[in-house]
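Chains, contacts and geometry: an overview
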Amino acid sequence: MRTDILTITLNPTVDYATSADEVYPDHKLRCSEPHIDPGGGGINVARAVRQLGGQATALIAIGGGSGAQMLQLLALEGVPTVAFQGPGETRLSFSVTDLKANEQYRFVMPGPIWTEKDVERGLTSIDQSTGDGTMVVLSGSQPPGVAKEFPSILAHHVTGRQARLIVDTSGPALFDLVRQTHEAVYVLRMDDAEAEELAGKPLPDRADTAAFARGLVEKGAASNVIVARGADGSVMANREGAWHAVAPRVEVVSKVGAGDSFVGGFALSAARGEGLPDCLKFGVAAAAAACTTAGTQLCDLGVAEGLLEKTVLEEI
């Protein structure tokens, strides 16, 4: 089933996932054959949508040989792309699993530095790719040089097209976004640590998280606010109410891509016209499914559907 979803990744990465018998300093560590995936928030959301039975177009900034490799990897996965020229070389990231300790080390590069002209080129590409009613997903880190106001600027750009904007960001960009009113921000998602930093206090219970999320909605930061609580699922609040969804416990192989799988599942369900509580439930199931896969393989549809049947949704 095709859906009109556009994901935006300004700071994509080619992800290498490998393992070593043990990780320790000052020695050459012999690693396993790496698993190579296209990465970056919006790209992973588009990949998750594809793996969950839908389709999304990934709009990405690329550069150099690793940028060409990125497009090839996405083509092999069947993810349609809209690419525009970014500055420098598309970054690389890698994760190494210590097999002895069963611990994972993740190394993330910053990416090339952007100028104001690069941002303008990106916004032009977004404008050209956004149609009436498009669900636009901004996910992942911002490259160095991109102003913290970018999500707010993007919200202004999509307003005239009646597009729905889902934002999953962090740091200064998140803090700037919640200080303003945005009619176009359909969903704002963050994790529990970010929510507590914004709230300036601990949010130990689901009810505390729901009250915080509802406060952001009342301030006009977004129509719906979602806070991920790790193994305790996610809380969503809007003007109609608040809900909590939690998936059954799974054996965690890798948490890489769990958040992006949540956003992919939620966006796909919303694009298909499902009710928002059901979108929350499917997103939580997709995130749990991603935890059962190695490296950056994201979520499996069959596993997500099996977990969905056991995912508990409650009104708070």
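Per an unreviewed UniProt entry, the protein goes by the name Phosphofructokinase and belongs to Psychromarinibacter sediminicola. Regarding the protein, the relevant UniProt record gives this comment under Sequence similarities (unreviewed entry): "Belongs to the carbohydrate kinase PfkB family."

**Section: the overall build of the protein**
Within the protein one finds 10 helices and 14 strands. Viewed in the frame of its principal axes, the protein has a C-alpha envelope of about 55 × 45 × 40 Å. If you take every contact in the protein between residues at least 6 apart in sequence, the share linking residues at least 24 apart comes to 68%. About 14,000 Å² of surface is accessible on the protein, with carbon and sulfur atoms providing 50% of the total. Positive and negative charge centroids in the protein, built from 26 and 39 side chains respectively, lie 1 Å apart.

**Some thoughts on helix α9 (residues 276-291)**
With 16 residues, α9 ought to run about 22 Å at 1.5 Å a step, and its terminal C-alpha atoms sit 23 Å apart, in line with that. For α9, the buried fraction is high: 13 of the 16 residues fall into the buried class.

**Some words on the side chain of Thr 169**
Within the secondary structure layout, Thr 169 lies in the loop between β9 (164-168) and α5 (171-178). Assessed through its relative accessible area of 6%, Thr 169 is described here as buried. Once residues lying within four places of it in the same chain are set aside, the contact partners of Thr 169 are Gly 140, Leu 174, Arg 189 and Glu 194.

**Quick look at the packing of aromatic side chains**
Two descriptors summarise a pair of aromatic rings, namely the distance from one centre to the other and the angle between the planes of the rings. This model, assessed by the stated rule, comprises three aromatic pairs. Both rings, one in Phe 84 and one in Trp 114, keep their centres 6.2 Å apart while their planes meet at 80°; by these two values the pair is edge-to-face. In this pair, Phe 84 is assigned in strand β5 (residues 81-85) and Trp 114 in the loop between β7 (103-108) and α3 (116-129), connecting sequence segments 30 residues apart. Positioned above the aromatic ring of Tyr 186, the side-chain terminus of Arg 164 is 5.1 Å from the ring centre.

**Examining the environment of His 35**
With respect to the secondary-structure elements, His 35 resides in strand β3 (residues 35-39). The partly exposed category is assigned to His 35, whose relative accessible area is 36%. For the pair His 35 and Gln 297, spaced 262 residues apart in sequence, the C-alpha to C-alpha distance is 9.0 Å. One polar contact links His 35 to Asp 37, side chain to side chain, over a distance of 3.2 Å.

**With respect to the packing of α5 against helix α6 (residues 192-199)**
Axis separation between α5 and α6 bottoms out at 11 Å; the angle between their running directions is 55°. Relative to α6, the element α5 lies oblique. Note on packing geometry: the crossing formed by α5 with α6 is right-handed. Counting all contacts with α5, which are made through Leu 174, Phe 175 and Val 178, the residues of α6 involved are Glu 194, Glu 197 and Leu 198. Class assignment of the residues belonging to the contact of α5 with α6 gives a composition of four nonpolar, no polar and two charged.

**Side note on the sheet that holds strand β4 (residues 57-62)**
Reading across from one edge, β5-β4-β1-β8-β9-β10-β11-β12-β13-β14 is the order of the 10 strands in this open sheet, with mixed pairing throughout. Two strands in the sheet have a free side with no partner beyond their single neighbour: β5 and β14 (312-315). The average undirected angle you get between the axes of adjacent strands in this sheet is 15°. Relative to strand β8 (residues 135-139), strand β1 (residues 5-9) runs parallel, the two sharing four bridges.

What counts, and at which threshold
- Residues numbered from 1 in each chain as written.
- Predicted model: local features only at pLDDT ≥ 70, side-chain atom pairs only at ≥ 80, totals over all residues.
- Heavy atoms only, no water.
- UniProt positions renumbered as here; feature names shortened; annotations may be inferred.
- Helix = DSSP H or I, 4+ residues; strand = E, 2+ residues; numbered from the N terminus.
- Contact = heavy atoms within 4.5 Å.
- Areas by Shrake-Rupley, 256 points an atom, 1.4 Å probe, with all protein chains shown as cover.
- Lys, Arg positive; Asp, Glu negative; His and termini not counted.
- Charge placed at Lys NZ, Arg CZ, Asp CG, Glu CD.
- Expected span 1.5 Å × (residues − 1).
- Buried < 20%, exposed > 50% of the residue type's maximum accessible area, 1.4 Å probe, protein only.
- Phe/Tyr/Trp six-rings, centres within 6.5 Å; stacked < 30°, edge-to-face > 60°.
- Lys NZ or Arg CZ within 6 Å of the ring centre and 35° of its normal.
- Polar contact = N/O pair within 3.5 Å; in protein donor to acceptor, adjacent residues only side chain to side chain.
- Axes fitted to C-alpha atoms, helices over the stretch in contact; angles between N-to-C directions.
- Parallel < 35°, antiparallel > 145°, perpendicular 65-115°, else oblique.
- Left-handed = near helix turned anticlockwise from the far one by under 90°.
- Nonpolar A, V, L, I, M, F, W, Y, C, P; charged D, E, K, R; others polar.
- Pairing = 2+ DSSP bridges.

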